[in-house]
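Single-letter residue listing:
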Amino acid sequence: MSELIAPYGQMLVDLMVPHEERSTLHSYASQLPSIQVSTRTECDLELLATGAFSPLDGFMGSADYACVLETMRLTNGFLFPIPITLPVPSLHGITLDADVALRDARNDILAVLTVQEVYCWSLDEEACAVYGTLDTRHPLVAEMHGWGRYNIAGRLRVLRLPRHYDFIELRLTPTQTRQRLARLGRSNVVAFQTRNPMHRVHEELTKRACEAVDGSLLLHPAVGMTKPGDVDHFTRVRSYRALVRHYYDRRRVLLALLPLAMRMAGPREALWHALIRRSYGANHLIMGRDHAGPGLDSQGVPFYGPYDAQELVCRHAEELGVAVIPFGSLVYLPDEDRYEEADKVPDGTRTAEISGTQVREQYLDTGRLLPEWFTRPEVADILAEAYPPRHRQGVCIWFTGLSGSGKSTTAAVLTVRLQERGRQVTVLDGDVVRTHLSRGLGFSREDRDINIRRIGYVASEIVRHGGVAVCAAISPYRSTRNDVRNMVGPEHFVEVYADTPLEVCERRDAKGLYARARRGEIRGFTGIDDPYEPPTEPDIVLNTVAHSPYENAARIIDLLAQRGFVEGEAIAVPLPDMVASHMTDEGESRADSDAIGI
């Protein structure tokens, strides 16, 4: 048994109610007002309860929250770079010094919170301080627009952890992880934070890192909420298990899962990951370029610098007790069948590399197996099974624009053109959704956002199962559209902007809704007395005045073909004049009830 580094703050926080008290507290909790928490809060609750966030011992009150935003520290001086809060949409049923039950999505009771503080928070302030941006292309910034405006905090008593039915033997608490690492017999532990599949270069790097410090490896993938569009954790964990089983020294490696809801906060998140890994017994963390970065902003620029995360963690490494092991650049030497650090390879030596883009576009998207020098065959088989060729993958085509802009008619033409090419298509039209999925919702901003997120959720499930979702909804708010983009996954989301002038939309309005809104008979009408926020970087912009729905649908199919979602190219066959005229008239005259709200 080895002596591992102590948790940050010297002790693991434990918020679990003793077993003998749980039945009584559960009976009491069942009578309390309750809050149904989000998936993100479930993840946070689990890691709070088991001590992974030590020394933090609950959802942050206003003083800790403000201190974390400004200084990356709790009020007691301990480092903690990410705010852990419990936002609520309203204060109904919430009273100071009273108890509330926290329930999961299945309505099961997880914990009892004694409300000791209620405070407002500022989206702009938190987004700028923690994520360094207000750009809603950042997945957390987009998500925050849907959070409640109040945070609550107080004494937390956890009755049970969220239920997991997958990979149960790998879901180890910090205490359990420490016990197993100690049995490996080395005091140095190297943690590898991963939310992607591991290839040969990752395997080589982790082995070298362990050798360098004579340590054990904690292979610790995040399996909570990660970056939208990431490889699902089922596929990833299957591949990690295969690697551990066949290619690692089992006396030096432990595979355990981390139910972390990532924030994609770049440098701050990297420091947070180091703190969390210390709770699990690690005193080294492998860190690559742009660690925990969300990619590109709406202007096509990375949110964070490539080494910002490494630099921040290195500045605090001594205090935190966790050293950074940089993810060095390794290249494969085919003539020697081995990997080597790039700066140690003599000039003129033959090397081989495959970028992440090439992995997706030249191999997974085309159905080709990755070469053995790059990926172990067991992993290549798992990835090939999970990711069919691009033309069989799901995609969401999201139409947005004012009422009467021609969205629905173009979407209808696009749908049959895709079906001609063998794609399975589901249409989620604004009016239809209002009737069948969102009956009872009004037209407040909150209700509009709920409606759009419902459409987005259904679309994301369709895409996840390999179908095509064609969505035609006004969706006036930019942040909500970006939230849907993140639900679906950016690489599988195509934003189509029907850029039709307001005066044209009004002329096409056969139902007279615009005229009624002008007279004040309809309130909250998009484009009149409620704003429409056009996309800043749509994938395609449609001119529905100069071009027919058929021509615009052909342009969209061309784009889908370029991205591999359909085979071949669109061919704009001229339509008979009568058909073309009919399509134009029908498309341009439609004005729906969804004009007020979605």
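Presented here is a report on the structure given in the accompanying data block. What you see is a predicted model, and the numbers here were worked out from it, not measured in a lab.

## Here's the deal with the pattern of salt bridges
Here is step 1: Evaluated as defined, the whole model comprises 34 salt bridges.
Here is step 2: Across the salt bridge formed by D335 and R350, the nearest N and O atoms sit 2.6 Å from each other. One end of the pair, D335, is in the loop between β11 (330–333) and β12 (338–341); the other, R350, is in the loop between β12 and α11 (356–363), with 15 residues separating them in the sequence.
Here is step 3: The partly exposed category is assigned to R350, whose relative accessible area is 49%.
Here is step 4: Across the salt bridge formed by E420 and R417, the nearest N and O atoms sit 3.0 Å from each other. Taken together, the residues span about one helical turn, with E420 and R417 both in helix α13 (residues 407–420) at a distance of three residues.

## Focus on the packing of helix α8 (residues 233–247) against helix α12 (residues 377–386)
Here is step 1: Contact pair α8 / α12: the axes reach a minimum separation of 9 Å and the direction vectors enclose 165°. Considered as vectors, α8 and α12 are oriented roughly antiparallel to each other. Here α8 runs over α12; the crossing is right-handed. Between α8 and α12, the contacting residues are T235, R238, S239, A242, L243, H246 and Y247 on the first element and P377, E378, V379, I382, L383, E385 and A386 on the second.
Here is step 2: The residue makeup of the contact of α8 with α12, split by class, is eight nonpolar, three polar and three charged.

## Looking at the packing of aromatic side chains
The way to describe two aromatic rings as a pair is by their centre distance and the angle between their planes.
Here is step 1: This model, assessed by the stated rule, comprises 13 aromatic pairs.
Here is step 2: Centroid distance Y65 to Y119: 5.7 Å. Interplanar angle 50°. Geometry classified as tilted. One end of the pair, Y65, is in helix α3 (residues 62–71); the other, Y119, is in strand β4 (residues 109–120), and 54 residues separate them in sequence. You'll find Y65 and Y119 in the same group, each marked buried.
Here is step 3: Pairing W121 with W147 gives two aromatic rings, centres 5.8 Å apart and planes at 50°, and the pair type is tilted. Of the two residues, W121 is situated in the loop between β4 and α4 (123–131) and W147 in the loop between α5 (139–144) and β5 (150–158); the sequence distance between them amounts to 26 residues. Pair check on accessibility: W121 and W147 agree, each one buried.
Here is step 4: Every member of this aromatic cluster is reached through a ring pair, and the members are Y332, Y339, W373 and F374.
Here is step 5: The ring of Y248 carries K207 above its face, with NZ or CZ at 5.2 Å from the centroid.
Here is step 6: R445 extends its terminal NZ or CZ atom over the ring of Y477, reaching a point 3.7 Å from the ring centre.

## Re the environment of A510
Here is step 1: Here A510 lies in the loop between α17 (502–508) and α18 (513–518).
Here is step 2: Residues A510 and G51, 459 residues apart in the sequence, show an inter-C-alpha distance of 62 Å.

## Some thoughts on the packing of helix α9 (residues 267–279) against helix α10 (residues 308–320)
Here is step 1: Contact geometry of α9 with α10 gives a least axis separation of 8 Å together with a crossing angle of 40°. Of the two possible hands of crossing, α9 and α10 adopt the one that is right-handed. Between α9 and α10, the contacting residues are P267, R268, A270, L271, A274, L275 and R278 on the first element and D308, A309, L312, V313, H316, E319 and L320 on the second.

## Here we look at the environment of A66
Here is step 1: You can see A66 is positioned in helix α3.
Here is step 2: Taking relative accessible area as the criterion, A66 reaches 40% and is therefore assigned partly exposed.
Here is step 3: A C-alpha to C-alpha distance of 9.8 Å links A66 and E125, two positions 59 residues apart in sequence.

## Some words on the sheet that holds strand β14 (residues 425–429)
What links the strands of a sheet is backbone hydrogen bonding, and the strands pair in either a parallel or an antiparallel sense.
Here is step 1: Pairing within the open sheet is parallel, and its five strands lie in the order β14-β15-β13-β16-β17. Unpaired on one side and paired on the other, β14 and β17 (540–542) mark the two borders of the sheet. Going across the sheet, the axis of each strand differs from the next one's by a mean of 20°, ignoring polarity.
Here is step 2: Relative to strand β15 (residues 468–472), β14 runs parallel, the two sharing five bridges. Residue pairing across strands places D429 opposite A472, the latter belonging to β15.
Here is step 3: Its contacts with the sheet put α13 on β13 (395–400), β14, β15, β16 (493–498) and β17, and the angle it makes with β15 is roughly 165°.
Here is step 4: On top of the sheet, helix α19 (residues 549–562) reaches β13, β16 and β17; it is set at about 175° to β17, its chief contact.

## Details of the state of the cysteines
Here is step 1: Across all of its chains, the model carries zero disulfides by this definition.
Here is step 2: A disulfide-free cysteine, C128 has its sulfur positioned 18 Å from the sulfur of C120, the nearest such atom.

## Comments concerning the nonpolar core
Where a protein is soluble and globular, its nonpolar side chains tend to be buried together.
Here is step 1: In terms of nonpolar packing, the biggest core is built from 78 residues, with F53, M60, F80, I84, L102, L156 and L260 touching the most fellow members.
Here is step 2: The dominant element in this core, judged by the number of residues it contributes, is α9, at six residues.
Here is step 3: Not counting residues within four places of it along the chain, the set of residues in contact with L102 comprises I35, V37, F59, L86, D108, I109, L110, A111, L113 and L156.
Here is step 4: If you look at the next biggest cluster of nonpolar residues, it comprises 36 residues, including V213, L364, F374 and V379.

## Re α12
Because an α-helix packs 3.6 residues into every turn, residues spaced three or four apart end up facing the same way.
Here is step 1: All of the buried residues along α12 are V379, A380, I382 and L383. On an axial view of α12, the arc spanned by its buried residues comes to 165°, and they lie on one face.
Here is step 2: Here the buried face of α12 lies against α8.

## Notes on unusual backbone geometry
Here is step 1: A cis amide bond links S54 to the next residue, P55, at an omega of 10°.
Here is step 2: For P55, the location among the structural elements is in the loop between α2 (39–50) and α3.
Here is step 3: The phi torsion at Q10 lies on the positive side, around 80°, for a residue other than glycine.
Here is step 4: One can find Q10 in the segment before α1 (19–29).

## Some points on the sheet that holds strand β8 (residues 253–255)
Here is step 1: Taking strand neighbours across the sheet as the criterion, the five strands line up as β8-β7-β6-β9-β10 in an open arrangement whose pairing is parallel. Strand pairing shows two members of the sheet lacking a second neighbour, β8 and β10 (323–326), which therefore form its edges. Here the strands of the sheet are splayed against their neighbours by 25° on average, with no regard to which way each runs.
Here is step 2: In terms of strand pairing, strand β6 (residues 189–194) meets strand β7 (residues 216–221) through six bridges, oriented parallel.

Cut-offs applied
Residues numbered from 1 in each chain as written. Predicted model: local features only at pLDDT ≥ 70, side-chain atom pairs only at ≥ 80, totals over all residues. Heavy atoms only, no water. Salt bridge = Lys/Arg side-chain N within 4 Å of Asp/Glu carboxyl O. Helix = DSSP H or I, 4+ residues; strand = E, 2+ residues; numbered from the N terminus. Buried < 20%, exposed > 50% of the residue type's maximum accessible area, 1.4 Å probe, protein only. Axes fitted to C-alpha atoms, helices over the stretch in contact; angles between N-to-C directions. Parallel < 35°, antiparallel > 145°, perpendicular 65-115°, else oblique. Left-handed = near helix turned anticlockwise from the far one by under 90°. Contact = heavy atoms within 4.5 Å. Nonpolar A, V, L, I, M, F, W, Y, C, P; charged D, E, K, R; others polar. Phe/Tyr/Trp six-rings, centres within 6.5 Å; stacked < 30°, edge-to-face > 60°. Lys NZ or Arg CZ within 6 Å of the ring centre and 35° of its normal. Pairing = 2+ DSSP bridges. Disulfide = S-S within 2.5 Å. Core = buried A, V, L, I, M, F, W, Y, C linked by side-chain atoms within 4.5 Å. Arc of directions from axis to C-beta.

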